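Structural description and commentary
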Amino acid sequence: GNSVTQMEGPVTLSEEAFLTINCTYTATGYPSLFWYVQYPGEGLQLLLKATKADDKGSNKGFEATYRKETTSFHLEKGSVQVSDSAVYFCALIPGAGSYQLTFGKGTKLSVIP
Amino acid sequence: EPEVTQTPSHQVTQMGQEVILRCVPISNHLYFYWYRQILGQKVEFLVSFYNNEISEKSEIFDDQFSVERPDGSNFTLKIRSTKLEDSAMYFCATMQRGRTGTSGTGELFFGEGSRLTVL
C-alpha cells in the first residue's frame, strides 16, 4: 500500500536557521507529492506540490524536490521565521484516478526569536 | 479567498448518540472528502464523494458512517452510534475539477475541522 514517513518532531529552531524536514514515501505507480501546513488553530493548507519526478515545488520560501530515485520529498527553507511555527505534513496522492491523500504523521516546527 | 466551512467547530456527545458534521464546500468544487485526526496521530482518510456517490472509502468508514449532500450544497458526515474511539478532529476537504474535466486538480482545500469528543 501507499505510505509516507516523515521525520519525528518536534523540531525547534532559532529564527533565520536552515530547515530540513525529511519525507520519504512508498507508492506504486507515479504519485503526486504534497506538503501541507497546519498553523495553530487552523485547518490544513497546501504549502507546495510536485506532480512528477524532478519537479520542484516552492512557496513562501519553502522548497521540495520530487526525487524518484530516493523516493523522497524533503522540505527545506533557508531562513525560518517565527511565523513558520506550525505542523508540517508530507502527503501523496497515488494517481491513476485516485485522489485519496495519504499523510505522514506530521512534524511540529517551533521557531524561537 | 474561498474557503471550506465546517460546523460545529466542537461537539461533545454521549457514547451511542448520533452525530452529524457539516461542511460547506467551495462553490465550484465537485470532489468532497472527510478525513480525521485522532489526537497525536496521523490524518487518516475516511471517504471521498463525487457525483453524488462514494468513490473511495477506507476501512475506518464502516456501517456506522454515512455521507450525503442533502441539499446539493452541504456535505455531511453522519456517525450513527458514536463510540469513544470516534473522538477526533474531523476535516472536510474539497477539490475542483481539473482542466480536462474528467478528473480533479489534485489540490485539496481543507476546512478548519470539527472536534468531536465522545464521553
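Residues numbered from 1 in each chain as written. Chains lettered and ligands numbered in written order. Predicted model: local features only at pLDDT ≥ 70, side-chain atom pairs only at ≥ 80, totals over all residues. Heavy atoms only, no water.

A separate point is the sheet that holds strand S3 (residues 19–24) of chain B. All names here are of chain B. The four strands are arranged S1-S3-S8-S7 in an open sheet whose pairing can be described as antiparallel. On the outer flanks of this sheet lie strand S1 (5–7) and strand S7 (65–68), each paired with one strand and no other. Pairs of neighbouring strands in the sheet enclose a mean axial angle of 15 degrees, with direction left out of account. Sheet topology note: the S1/S3 ladder contains three bridges and is antiparallel. Paired with Gln6 across the strands is Cys23, a residue of S3. (Pairing = 2+ DSSP bridges. Helix = DSSP H or I, 4+ residues; strand = E, 2+ residues; numbered from the N terminus. Axes fitted to C-alpha atoms, helices over the stretch in contact; angles between N-to-C directions.)

Moving on to the environment of Cys90 of chain A. Residues and elements named next belong to chain A. Inspection of the secondary structure puts Cys90 in strand S10 (residues 86–93). It is 8.1 Å that separates the C-alpha atoms of Cys90 and Lys105, two residues lying 15 residues apart in sequence. Excluding residues within four positions of it along the chain, Cys90 makes contact with Val4, Gln6, Cys23, Phe34, Trp35, Phe73, Thr102, Phe103 and Gly104. (Contact = heavy atoms within 4.5 Å.)

Position of Thr65 of chain A relative to the elements: it lies in strand S8 (residues 62–65). Residue contacts for Thr65 of chain A: discarding those within four places in its chain leaves Asp54, Asp55, Lys56, Ser72, Phe73 and His74 of chain A.

Turning our attention to the nonpolar core. By size, the foremost hydrophobic cluster in this structure holds 26 residues, and its most contacted members are Trp35, Leu47, Leu48, Phe73, Leu75 and Tyr88 of chain A. Among the elements of the structure, strand S2 (11–14), strand S3 (19–21), strand S4 (23–26), strand S5 (32–38), strand S6 (44–50), S8, S10 and strand S12 (107–112) of chain A are those that each provide at least two residues to this core. When residues of this core are assigned to their parent elements, the largest contribution, four residues, is made by S10 of chain A. With residues up to four places along the chain from it excluded, the contact list for Leu75 of chain A reads Leu19, Thr20, Ile21, Trp35, Leu47, Leu48, Phe62, Glu63, Ala64 and Tyr88 of chain A. Membership of the second largest hydrophobic core comes to 22 residues, among which are Leu46, Phe61, Leu77 and Leu116 of chain B. (Core = buried A, V, L, I, M, F, W, Y, C linked by side-chain atoms within 4.5 Å. Buried < 20%, exposed > 50% of the residue type's maximum accessible area, 1.4 Å probe, protein only.)

A covalent bond between the sulfur atoms of two cysteines is referred to as a disulfide. Residue and element names in this part refer to chain B. Taken as a whole and judged by the stated rule, the model has two disulfides over all chains. In this model, Cys23 is linked to Cys92 through a disulfide, with the two sulfur atoms separated by 2.0 Å. Across the disulfide from Cys23 to Cys92, rotation about the S-S bond amounts to roughly -65 degrees, and the bridge is consequently left-handed. Placement of the pair is Cys23 in strand S3 and Cys92 in strand S9 (residues 88–96), with a sequence separation of 69 residues. For the pair Cys23 and Cys92, a shared accessibility class is recorded, and that class is buried. (Disulfide = S-S within 2.5 Å.)

Each partner contributes residues to the interface: chain A has 19 residues there, and chain B has 18 residues. Taking both sides of the interface into account, the surface hidden between chain A and chain B amounts to around 1600 Å²; carbon and sulfur atoms contribute 57%. In this structure, the connection of chain A to chain B is made through zero salt bridges. There are two residue pairs in polar contact (both at pLDDT 80 or more) connecting chain A and chain B. Broken down by secondary-structure element, the contributors of at least two residues to the side of chain A that touches chain B are S5, S6 and S10 of chain A. Partitioned by chemical class, the residues of the side of chain A that touches chain B number ten nonpolar, six polar and three charged. (Buried area = accessible area lost by both parts, 1.4 Å probe. Salt bridge = Lys/Arg side-chain N within 4 Å of Asp/Glu carboxyl O. Polar contact = N/O pair within 3.5 Å; in protein donor to acceptor, adjacent residues only side chain to side chain. Nonpolar A, V, L, I, M, F, W, Y, C, P; charged D, E, K, R; others polar.)

Glancing now at the packing of aromatic side chains. The final tally for this structure, using the stated rule, is 17 aromatic pairs over all chains. Ring geometry for Phe34 of chain A versus Tyr36 of chain A: centroids 6.1 Å apart, planes at 35 degrees, classification tilted. Judged on exposure class, the residue Phe34 of chain A and its partner Tyr36 of chain A are both buried. Where Phe103 of chain A meets Tyr35 of chain B, the ring centres are 5.6 Å apart and the plane angle is 90 degrees; that geometry is what we call edge-to-face. Residue Phe103 of chain A is located in strand S11 (residues 102–103), and its partner Tyr35 of chain B is located in strand S4 (residues 29–37); the two belong to separate chains. No difference in accessibility class separates Phe103 of chain A from Tyr35 of chain B, as the two residues are buried. Members of the aromatic cluster, joined through ring pairs, are Phe34, Tyr36, Phe89 and Phe103 of chain A together with Tyr33, Tyr35, Phe45, Phe91 and Phe110 of chain B. (Phe/Tyr/Trp six-rings, centres within 6.5 Å; stacked < 30°, edge-to-face > 60°.)

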